[in-house]
Amino acid sequence: MSETRSEPGAAAAGTESMRIVGTSPAHHDFVDKVKGSLMYAADWRMPGMLHGKVVRAMVPSARITAVDTKTAAAVPGVVAVLTAADVPWNHIVERASGGLGELSVSMPVLAEDRIRYAGEPVALIAARTPQAAEDAAELIDVEYDELPGVFDAEAALADGAPLVHDAGNTLITWNIGRGDVDAAFASADVVVRGTYRSQRVEHAYMEPEAGVGWVDTSGVITLRVATQVIEHAAHLAAMLALPENKVRVISSYMGGGFGGKEDMTVEPYLALLVAATRRPVRMVWERQESILASTKRHPFTMRYETAARSDGTILAQRVDIVGDAGAYPYLSARVLFAGAALACGPYRTPAASVRARAVFTNTMPSSAFRGFGAMQVTLGYESQMDRLAAELGLPRETVRERNYLERGDTIPTGETVGTAVAVRETQRRALEALGEPSPPSAPGRKVGRGFASNMQPYGRTIWFRDKAACWMSLERDGTLLIRTGVTDLGGGQAASLCQIASEVLGVPLDRISIHIGDTQLTPLAGGTYATRQLYMSGNATLQTAYELRDRLLPVAAEVLGAAPESLVFAGGSVSAPDGGTLSLAELVAAGEARAVSAAHLGEWRAETGAFDPDRGQGHSFPDYTFGTHAAEVEVDTETGEIRVLKYTAAHDVGRAINPMRVEGQIQGGAYQGLGYALGEDVPVVDGNPQSTLFAGYLMPTSMDLPDVQVIIVESGEGKGPLGARGIGEPPCGPSAATIANAVADAVGVRLEELPLTPERVLTALDAARDATPPAA
């Protein structure tokens, strides 16, 4: 796996003057992971610990008529059995849109009178052994009156469809409109249409949902869990009817999250069992339970119409998106907003009409997943670009280059693009890196190439008024202590903050300690999701480091007898132009003598704005990351098998804080996207998921895919620290469209539904043959 660096632009030229940022040092988590000594949530044990178990409904739609727990409670070793009646406040309310129009639908912690999906929690058990908890779970007797269900989002929109919630089946409808769409279509030389469908996908993180909880010596219910969001502590306090300072959440380092640990998983169940028993409780979901009950990527149905001139210039697009929210809201409103806002991709679209609806069904809930709505629509707009090029007989590259956004252009939400758009460079370099075409390996096999560009936001929708805090202290020996509420999913979030602080304060990395993810001991930084941590906590860390340095500069200047602006913090000391130096330990001592603190709490607030849901116009996201992937595939026309021969991925990351970790993010995202493209699927039949084991969930392995060649472009113009852009989510977006376009290039038929299985390839080939008139 290789990495190529672009020529830095003017804004990125300052990289040469940086000592730590732009390098790839191994941080402590590298060593601990390789040694196997890093403690994940499931590794924690406590004396006298009980084992928690969730009892789940196995029907997708029913009314609960009775719950009998007596026999289960009598199992030897069982300490507690809880139902909805035992939950002080049995609600989880998620206003995912920020209050911009979605239905107000409460999600119960434990189902009380209604089951809305197979796998919905009904009861909790705490027992002295895992086996006792399992035995008791089998003995809980729940009586159901089964009800008609609806298992497809489009069917749920039909008149007379069974209602998942009394308020209706449509959670929210987003409309984004700009320009005179009807006039643009009337004047167009060509209109291309397509309907594209994406599937329900499992997060499949290496570490399943897990945690341990206990009551500390101050009576605080404390949870150490695998979570992306420690701020859930406030929701847990409300559920338990406790003051917020009586619930503490600590996030362990995680073995992956991808959005699946953004919503609460084990947290409410652990908290309830700990509160009921006053004993430590451990809960770890087995893989089958995780796949059955955890949230999934939203299946989308996307209908596109694209109007253009004969030279390929886009005039307008009509897009209609239906997203399957599953049984409860979770973050569906926000996911569908992202899908709507990004539906036209990185292309100038003077007139646009986009509608996106989140629809309830009697299936497991959908929620956050890496790419968050902006990923699914990439298949739609990039398939349309290839179709437009084919219809006009123009090169695919030419049509895209004619329409790519540039700085200063207006996007469908009415916003102006304010930073560099290096998507042209990412396209050029991704295609160049494919090299010479490969010949087919055997008769009946065809080779084709495809590429896809994407535009992925980083940072939360800006009407949420996001903020992040960081606390730093230079200790008396010159070491640095950082505290921040960041959670680390395995992507090096904490390590990147250390590099930023080291760059500003000159503390060597091996003399920096960082404490993360603790609601009572670290200042809150917001969750690790929406590619926001580098943007938010990176900027908070940078600002805090600058503010601390600015406070100490006059002290150093006085001691060294030099102008403050001439001093350099590096290598654990402060140096002056005349060669004088002051160690950081000496600087701290000099500050103490002058009553100047070497500790500082900083807070960084993101830009804000408003969105008008009635007009579909306003501020949406802080900024975007642009990229292009390219692939060469071989398709076996006898079996339908798709083999990926080459794959390249180019992204403008603004500035690479740690190039090795950036490369890892791009590779990992591309591979995750390739799994989504080629095989991963959780099909649901009559409300029952059919893939609840990895044996039936088709993830590719390293033996199935080629190396991903990563190309890092650095425009230096991101809104993250030092010009960085977010790169956690963008790399998974282009993969499916890239492969779909490559398959179409190879065999001449376009697949519109994911995953691109051999069966679908053969069906499409058969349909094309049937549609071809016989030769005269």
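The rules behind each value
Chains are numbered independently. Their residues run from 1 in the order of the written sequence. In keeping with the predicted nature of the model, local features appear solely for residues at pLDDT of at least 70, side-chain atom pairs appear and are counted solely at 80 or more, and the whole-chain, interface and lining totals rest on all residues. Side-chain numbers come from the whole structure's heavy atoms, not from hydrogens or water. In this description, strands pair whenever DSSP reports at least two bridges between them. Helical segments are the DSSP runs of H or I of at least four residues, strand segments are the runs of E of at least two, and each set is numbered from the N terminus. Angles shown run from 0 to 180 degrees and are taken between the N-to-C directions of axes, each axis being a line fitted to C-alpha atoms and, for helices, limited to the stretch in contact. Here, residues are in contact when the closest pair of their heavy atoms is within 4.5 Å. Pairs of N or O atoms within 3.5 Å make up the polar contacts considered here, provided that, within protein, one atom can donate a hydrogen while the other can accept it, and that residues adjacent in sequence are counted only when both atoms are side-chain atoms. Boundaries between domains were set according to an automatic or database domain assignment. Buried area adds together the accessible area that both of two parts lose upon being put together, with accessible area traced by a 1.4 Å probe. Basic side-chain nitrogens of Lys or Arg form a salt bridge, by our definition, when they fall within 4 Å of a carboxyl oxygen of Asp or Glu. Under the convention adopted here, Pro, Cys and the residues Ala, Val, Leu, Ile, Met, Phe, Trp and Tyr are nonpolar, Asp, Glu, Lys and Arg are charged, and Gly plus all remaining residues are polar. The length a helix should cover is 1.5 Å for every residue beyond the first. Only protein chains enter the accessibility calculation, which uses a 1.4 Å probe; a residue is then buried when its area is under 20% of its type maximum, exposed when over 50%, and partly exposed in between. Taking the helix axis as origin, the arc is that swept by the directions to the C-beta atoms. Orientation is classified from the angle alone, with under 35 degrees giving roughly parallel, over 145 giving roughly antiparallel, 65 to 115 giving roughly perpendicular, and any other angle giving oblique. By definition, turning the near helix anticlockwise from the far helix through less than a right angle yields a left-handed crossing, and turning it clockwise yields a right-handed one. pLDDT measures how confident the predictor is about each residue, on a scale from 0 to 100. Each Phe, Tyr or Trp ring (for Trp, its six-membered ring) is paired with any other whose centre lies within 6.5 Å, and the angle between the two planes then decides the class: stacked below 30 degrees, edge-to-face above 60, tilted in between. Here, a charge over a ring means that NZ of Lys or CZ of Arg falls within 6 Å of the ring centre while also lying within 35 degrees of the ring normal. Cysteine sulfur atoms are paired as a disulfide whenever they come within 2.5 Å of each other.

Observations concerning the sheet that holds strand β15 (residues 314-326)
With mixed pairing, the five strands of this open sheet are ordered in space as β8-β16-β15-β14-β9. Pairing within the sheet leaves two strands with one partner each, and these edge strands are β8 (170-178) and β9 (190-197). Averaged over all pairs of adjacent strands, the angle between their axes in this sheet comes to 5°, without regard to strand direction. Pairing of β9 with strand β14 (residues 300-308), which is carried by eight bridges, proceeds in the antiparallel orientation. The partner of Tyr196 across the bridge, within β14, is Met302. Contacts from helix α9 (residues 332-341) reach β8, β14, β15 and β16 (351-360), with the element oriented near 20° to β8. Across the sheet, helix α10 (residues 376-392) lies against β9, β14 and β15, angled at about 145° from β9, the strand it touches most.

Here we look at the side chain of Arg460
Inspection of the secondary structure puts Arg460 in the loop between β17 (445-458) and β18 (467-474). Within the local environment of Arg460, its side chain forms a polar contact with the side chain of Tyr529, the two groups lying 3.5 Å apart. Excluding residues within four positions of it along the chain, Arg460 makes contact with Arg334, Asp466, Tyr529, Ala530, Arg532, Ser620, Phe621 and Pro622.

Some remarks on the domain arrangement of the chain
Domains assigned within the chain are domain 1 (2-38 + 467-605), domain 2 (42-147 + 208-253 + 261-293) and domain 3 (300-461 + 612-771). Spacing between the C-alpha centres of domain 1 and domain 2 amounts to 39 Å. Contacts between the two partners involve 20 residues from domain 1 and, on the opposite side, 17 residues from domain 2. Both faces considered, domain 1 and domain 2 share a buried interface measuring about 1400 Å² in area, 54% of it formed by carbon and sulfur atoms. With its nearest N and O atoms 2.6 Å apart, the salt bridge here joins Asp518 to Arg248. Summed over the shared surface of domain 1 and domain 2, the number is seven residue pairs in polar contact (both at pLDDT 80 or more). For the side of domain 1 that touches domain 2, a count of residues per class yields eight nonpolar, ten polar and two charged.

Digging into helix α18 (residues 758-771)
Here α18 spans 20 Å end to end across 14 residues, near enough to the 20 Å set by a 1.5 Å rise per residue. All buried positions along α18 are accounted for by Val761, Ala764 and Leu765. Burial along α18 is one-sided: seen end-on, the buried residues are contained in an arc of 100°. Facing away from the buried side of α18 by more than 90 degrees, the exposed set consists of Glu759, Thr763 and Asp770. The secondary structure elements touched by the buried residues of α18 are β27 (623-636), β28 (642-652) and α17 (735-747).

Quick word on the sheet that holds strand β21 (residues 568-570)
With antiparallel pairing, the three strands of this open sheet are ordered in space as β21-β22-β23. Two strands close off the open sheet at either side, each with one partner strand: β21 and β23 (581-583). Sheet twist, expressed as the average angle between the axes of neighbouring strands with direction ignored, equals 25°. Lying over the sheet, helix α15 (residues 584-593) contacts β21, β22 (573-575) and β23, oriented at roughly 80° with respect to β23.

Here's the deal with the pattern of salt bridges
Close approach of charged atoms allows side chains with opposite charge to pair. For the coordinates displayed, the defined rule picks out 41 salt bridges. Linking Glu632 and Arg449 is a salt bridge whose minimum nitrogen-to-oxygen distance equals 2.9 Å. Taken as a pair, Glu632 in strand β27 and Arg449 in strand β17 lie far apart in primary sequence, 183 residues in all. Classification of Glu632 by relative accessible area gives buried; the value is 0%. Residues joined by salt bridges that share partners form a network here, namely Glu382, Asp386, Arg396, Arg400 and Arg750.

Observations regarding the packing of α10 against α17
It is at 8 Å that the axes of α10 and α17 come closest, and there the two elements cross at 30°. Relative to α17, the element α10 lies roughly parallel. α10 and α17 meet at a crossing whose hand is right-handed. Along its contact with α10, which presents Thr378, Leu379, Glu382, Ser383 and Asp386, the element α17 presents Ala736, Ala737, Ala740 and Asn741.

Structural notes on the confidence of the model for the chain
Counting all residues, the mean pLDDT for the chain is 95, and 97% of those residues have values of 70 or more. This stretch, residues 1-15, has a pLDDT under 50; its non-local contacts, to residues over four places away or in other chains, come to 42 contacts.

Notes on the side chain of Asn658
Tracing the chain through its elements places Asn658 in the loop between β28 and α16 (659-678). For Asn658, a relative accessible area of 2% puts it in the buried group. Within polar-contact distance, the side chain of Asn658 engages the side chain of Ser24 at 3.4 Å. There is a polar contact of 2.7 Å between the side chain of Asn658 and the side chain of Gln499.

Concerning the packing of helix α6 (residues 233-240) against helix α7 (residues 267-277)
Two elements in contact, α6 and α7, have axes separated by 10 Å at closest approach and are oriented at 45°. Judged by the angle between their axes, α6 and α7 are oblique. Where α6 crosses over α7, the handedness of that crossing is right-handed. Across from Leu236, Met239 and Leu240 in α6, the residues of α7 making contact are Glu267, Pro268, Ala271, Leu272 and Ala275. Its residues placed into classes, the contact of α6 with α7 shows seven nonpolar, no polar and one charged.

Overview of the packing of aromatic side chains
One pass over the full model with this rule turns up 15 aromatic pairs. Aromatic pair Trp463 and Phe611: ring centres 5.7 Å apart, planes at 35°, arrangement tilted. On the criterion of sequence distance, the pair formed by Trp463 in the loop between β17 and β18 and Phe611 in strand β25 (residues 611-612) is long-range, its members being 148 residues apart. When its relative accessible area of 12% is taken as the criterion, Trp463 is described as buried. Note on Phe611: relative accessible area 6%, which makes it buried. Centroid distance Tyr535 to Trp604: 5.3 Å. Interplanar angle 85°. Geometry classified as edge-to-face. With a gap of 69 residues between them, Tyr535 in helix α14 (residues 533-560) and Trp604 in strand β24 (residues 599-605) connect regions that are remote in the sequence. Here Trp604 falls in the buried class, since its relative accessible area comes to 17%. Feature note: the residues Trp174, Phe337, Trp463, Phe464, Phe611, Phe621 and Tyr624 constitute an aromatic cluster, connected by ring pairs. Note that Lys261 overlies the ring of Tyr205, its terminal NZ or CZ placed 4.3 Å from the centroid. In this structure, Arg297 packs its charged tip against the face of Tyr676, placed 5.3 Å from the ring centre.

Regarding the state of the cysteines
Throughout the structure, instances matching the rule amount to zero disulfides. Cysteine Cys344 shares no disulfide, and the gap to the nearest cysteine sulfur, in Cys732, comes to 20 Å.

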